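Descriptive structure summary
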Amino acid sequence: MEDPIESLTKSIPSWGTRIAFGETSTVGGRDVVPAALVIFGFGGGGGSSTSPQGGAAPEGEGSGGGGGGFVLPLGAYVAGPGGPTFQPNPVALIVASVPLVTVAGWALARIIAATRRGRTPAA
């Protein structure tokens, strides 16, 4: 029997864009293809046994695995007269921009604090 983690890792390359792009559907007479950011990861482990001196029973042995993922619906490609156009999901844009805005605000605060420390009081 094949190891479940091994069979999972063999099947990942075949998933390809089927995960990031959904099935085409027709909405209001126009073809729509949903698009998403997909992040996933898997891990596994194994163990071994040791046989202590004196003929006692072996100790050890173990294995395990786990995985997780995240999907952010970015928007959809909508068919139009000029070809398909990308229509973004506004909620996803807000969610994706929060880390960027946070880091930019933190950096700006550090820059302002550094310039204030470098000034000498006016006499």
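Not measured: the values here are computed from a predicted model.

**Some remarks on the sheet that holds strand β1 (residues 25-27)**
The strands making up a sheet are joined through hydrogen bonds of the backbone, oriented either antiparallel or parallel. An order of β1-β2-β5-β6 is seen for the four strands of this open sheet, with the pairing classed as antiparallel. The open sheet has two edge strands, β1 and β6 (85-88), and neither has a second partner. For this sheet, the mean angle separating the axes of adjacent strands, direction not counted, is 40°. Sheet topology places strand β2 (residues 30-45) next to strand β5 (residues 64-78); 14 bridges connect them, and they run antiparallel. Bridge assignment links phenylalanine 42 to a residue of β5, and that residue is glycine 67. With respect to the sheet, helix α3 (residues 90-118) is in contact with β5 and β6, its orientation differing from that of β5 by roughly 125°.

**A closer look at the packing of aromatic side chains**
Remark: the centre distance and the inter-plane angle together describe each pair of aromatic rings, the angle taken between the planes. One pass over the structure, following the stated rule, counts two aromatic pairs. On the numbers, 6.2 Å between centres and 45° between planes, the contact of phenylalanine 21 with tyrosine 77 is tilted. With phenylalanine 21 in the loop between α2 (17-20) and β1 and tyrosine 77 in strand β5, this residue pair connects regions lying 56 residues apart in the sequence. For phenylalanine 21, a relative accessible area of 37% translates into the label partly exposed. In this structure an aromatic cluster arises from ring pairing among Phe21, Tyr77 and Phe86.

Conventions used here
- Residues numbered from 1 in each chain as written.
- Predicted model: local features only at pLDDT ≥ 70, side-chain atom pairs only at ≥ 80, totals over all residues.
- Heavy atoms only, no water.
- Pairing = 2+ DSSP bridges.
- Helix = DSSP H or I, 4+ residues; strand = E, 2+ residues; numbered from the N terminus.
- Axes fitted to C-alpha atoms, helices over the stretch in contact; angles between N-to-C directions.
- Contact = heavy atoms within 4.5 Å.
- Phe/Tyr/Trp six-rings, centres within 6.5 Å; stacked < 30°, edge-to-face > 60°.
- Buried < 20%, exposed > 50% of the residue type's maximum accessible area, 1.4 Å probe, protein only.

Interpretation note: all reported values are geometric properties and have no functional meaning in isolation.
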